[in-house]
Amino acid sequence: MNGLANASSLFFLSAGLSLIFGVTRIVNMAHGSLYMLGAYIAYTCATSLGGVLGFWGGVLATAAVVALLGALIEIALLRRIYHVAELFQLLATFALVLLLSDVVAALWGVEDLLAPRAPGLRGSVEILGRQFPEYDLFLLVVGPVVLVGLHLLLTRTRWGTLVRAATQDRDMVAALGVDQAKLFTAVFALGAALAGLGGALETPRQPANLGMDLSALGDAFVVVVVGGMGSIPGAYVAALLIAEIKAICIGLGTQTIAGIPFNFSKLTLVAEFIVMAVVLIARPYGLLGRAQGMPRHAAAIQDPIEPAGRRARLLALAVLAALLCVPLLAKASPYTLVLGIDVLIAVLFAASLHFIAGPGGMHSFGHAAYFGLGCYGAGLLLKLAGFPMAGAIAAAPLVAALGAAIFGWFAVRLSGVYLAMLTLAFAQIVWAIVFQWEALTGGSNGVLGIWPTAPFNSAWVYYLLVLALTLAGVLAMRRILFSPFGYAMRAGRDSPLRAEATGIAVLKVHWIAFIIAGTVCGLAGALFAFAKGGISPETIHVSRSIDGLVMVLLGGIHELAGPLVGAPVFTLLQDSVMRQTPYWRGVLGVVILALVLLFPMGIAGTIAGWAKRLAR
């Protein structure tokens, strides 16, 4: 019954996200922020007004306020960027996550806030000899009620018919004369209202806090993908499945299997991601989603990439010369070398992600898994196996390559959001293993004492090593992209059906590309471990994967120079803004929004477009 109550909360959050994606095709990263806002607004209403009006009236008012905010977001921001690539829309909504997080911190502070119990539902009832909260019993009932209401709205009204039609073919809906702008705004407002309602109803069960946006977003994505993108009944079935599995794990506690004690409660950290991985491997379109045939064009056809011209090569040499001069600034500003190492590692990490996301068309939300495997591979080989520093750095990418080979074999069989979410599931599974296997990985404490040995224990020497390996990794991937393998990889991205017809083994090509990207990413992780002197599970956290995606999108996903521009811009922005204000996330979010609006194809992509027009 705990599982059923939790399923209702998951459903409120996930149904809105499923509606928004089904109609607008936007992967709304800010959906968790709307859920968090709902919790804080409901807390304010309950504590300020008090009583029945404060709580239950506050719940309804919260849904209305968050719906209005969702409509404003769609009108003021998203409507301006519907014409750009879907991933840039994702970047804009991620900027909203940063902005809304600091808005909430400024208005309500950073402390956890627990709302009072719901009036009229403060007691408990006895069921099978156990006490069960009345409020959870209410949630258990209200979830199916909302599901039935949404079903009737979508199947028995003209507006619902238009929403279902837009989910199937929004271009045809527009051709029939339907005002898409109003339809999109209404759908976004309804989805936001459901997120706000979910957050408001959750306040008596858990405190409102600044971390609930990303945690709620991860849960919502899992439920939507497991149920099938755009399927409201699928979202409810997936919420039931995941919530019940978590409840059973908690109920089992510690059990002895073959003489070995096993704590099932720890599985709750990763249970939903295991479920998602199993479902997507067995049924790639979700439980109640619709099977999709192989598309003729998996991505928008892009202009062929061209080798660097004379001006580009001269610019690259000038940049390299400037990077070689950075150690000369170490005496005046030692932090310059530290920041320079961070930028170079970020470039290598972002370039490895771009290798599969841009030319390969495989969008990954879990690329930090290979970065973390490289970190832990280098650290554990050094500390436990006694490898020298050079051997640890050389072997760590092989550990990441093994992980990429295993995960990539399953991931390349999917496409779009399903592929991205499966990579996220694998990354979260790796994170959970690292976090809980304390005997080997140190758990939350990580592994310390991973310092470079002579002669690389000098900061400027280690900087030059990182520069050399980053340059080698970037040039190697660039060379591969201009080889026959690179052309085959782009053919599989642009038109998998035609590529298969001409004899290209698209899945095999993309799988090998996945391994190459994981190997280079593992190298970046190994360099990071020695740069920081220690590693922790944070190296595999989903936030690092998102940072890498932001770097690629800021630079331009369809430009080879994209990650080389986006990674330094994002790293330097983050570093400089963090030192200027405690509300650095909000400022960074505003800057990213401005960059998205000014450079809709990424910084490098937009500048390249300007250069082509100027040349013409």
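Residues numbered from 1 in each chain as written. Predicted model: local features only at pLDDT ≥ 70, side-chain atom pairs only at ≥ 80, totals over all residues. Heavy atoms only, no water.

This brings us to the overall build of the protein chain. Per the secondary structure count, the protein chain includes 24 helices and 6 strands. Over its C-alpha trace the protein chain gives a radius of gyration of 25 Å, about what one expects of a compact globule, namely 25 Å for 616 residues. Considering only C-alpha atoms, the protein chain reaches an extent of 70 × 65 × 50 Å along its principal axes. Looking at the protein chain as a whole, 53% of its 616 residues are labelled buried. Across the protein chain, contacts joining residues at least 24 apart in sequence account for 79% of those joining residues at least 6 apart. For the protein chain, the exposed area adds up to about 26800 Å²; of that, 67% sits on carbon and sulfur atoms. (Helix = DSSP H or I, 4+ residues; strand = E, 2+ residues; numbered from the N terminus. Rg over C-alpha atoms; globule rule 2.2 N^0.38 Å. Buried < 20%, exposed > 50% of the residue type's maximum accessible area, 1.4 Å probe, protein only. Contact = heavy atoms within 4.5 Å. Areas by Shrake-Rupley, 256 points an atom, 1.4 Å probe, with all protein chains shown as cover.)

Under the criterion given, the structure shown has 16 aromatic pairs. A ring pair is formed by Y370 and F514, whose centres lie 6.0 Å apart and whose planes are at 90°; its orientation type is edge-to-face. One end of the pair, Y370, is in helix α13 (residues 368-383); the other, F514, is in helix α20 (residues 506-532), with 144 residues separating them in the sequence. Neither Y370 nor F514 differs from the other in exposure class; each is buried. With 5.1 Å between their ring centres and 85° between their planes, W409 and F410 make a pair best called edge-to-face. Overall, W409 belongs to the partly exposed group, its relative accessible area being 41%. Of the aromatic side chains, those joined through ring pairs into one cluster are Y370, F407, W409, F410, F426 and F514. Above the plane of the ring of W409 lies R413, whose end atom (NZ or CZ) is 3.9 Å from the centre. (Phe/Tyr/Trp six-rings, centres within 6.5 Å; stacked < 30°, edge-to-face > 60°. Lys NZ or Arg CZ within 6 Å of the ring centre and 35° of its normal.)

Take the environment of L348 next. Relative to the elements of secondary structure, L348 occurs in helix α12 (residues 335-357). Residue L348 is classed as buried on the basis of its relative accessible area, which comes to 0%. Between the C-alpha atoms of L348 and C521, which are 173 residues apart in sequence, the distance is 6.9 Å. Excluding residues that lie within four positions of it along the chain, L348 makes contacts with T470, G473, V474, V520, L523, A524 and L527.

The side chains of a regular strand alternate, first on one face of the sheet and then on the other. Across 4 bridges, the pairing between strand β1 (residues 124-127) and strand β2 (residues 130-133) is antiparallel. Residue pairing across strands places S124 opposite P133, the latter belonging to β2. Linking β1 to β2, which pair antiparallel, is a turn of 2 residues; within it L128 sits at a positive phi near 55°. (Pairing = 2+ DSSP bridges.)

For the pair α13 and helix α14 (residues 389-411), interaxial distance at closest approach is 7 Å and the crossing angle is 140°. Taken together, the axis directions place α13 and α14 in an arrangement best described as oblique. Between α13 and α14 the crossing geometry is right-handed. Of the residues in α14, those touching α13 at Y370, L373, G374, G377, A378, L381 and L382 are M389, A392, A395, A396, V399, A400, G403, A404 and F407. Considering only residue class, the contact of α13 with α14 consists of 13 nonpolar, 3 polar and no charged. (Axes fitted to C-alpha atoms, helices over the stretch in contact; angles between N-to-C directions. Parallel < 35°, antiparallel > 145°, perpendicular 65-115°, else oblique. Left-handed = near helix turned anticlockwise from the far one by under 90°. Nonpolar A, V, L, I, M, F, W, Y, C, P; charged D, E, K, R; others polar.)

Turning next to the pattern of salt bridges. Summed over all chains, the structure comprises 6 salt bridges. R205 serves as the salt-bridge partner of D136, at 3.1 Å between the closest nitrogen and oxygen. Of this pair, D136 sits in helix α5 (residues 134-156) while R205 is found in the loop between α7 (180-202) and α8 (212-227), placing the two residues 69 residues apart along the sequence. R205 gets classed as partly exposed once you look at its relative accessible area, which sits at 26%. (Salt bridge = Lys/Arg side-chain N within 4 Å of Asp/Glu carboxyl O.)

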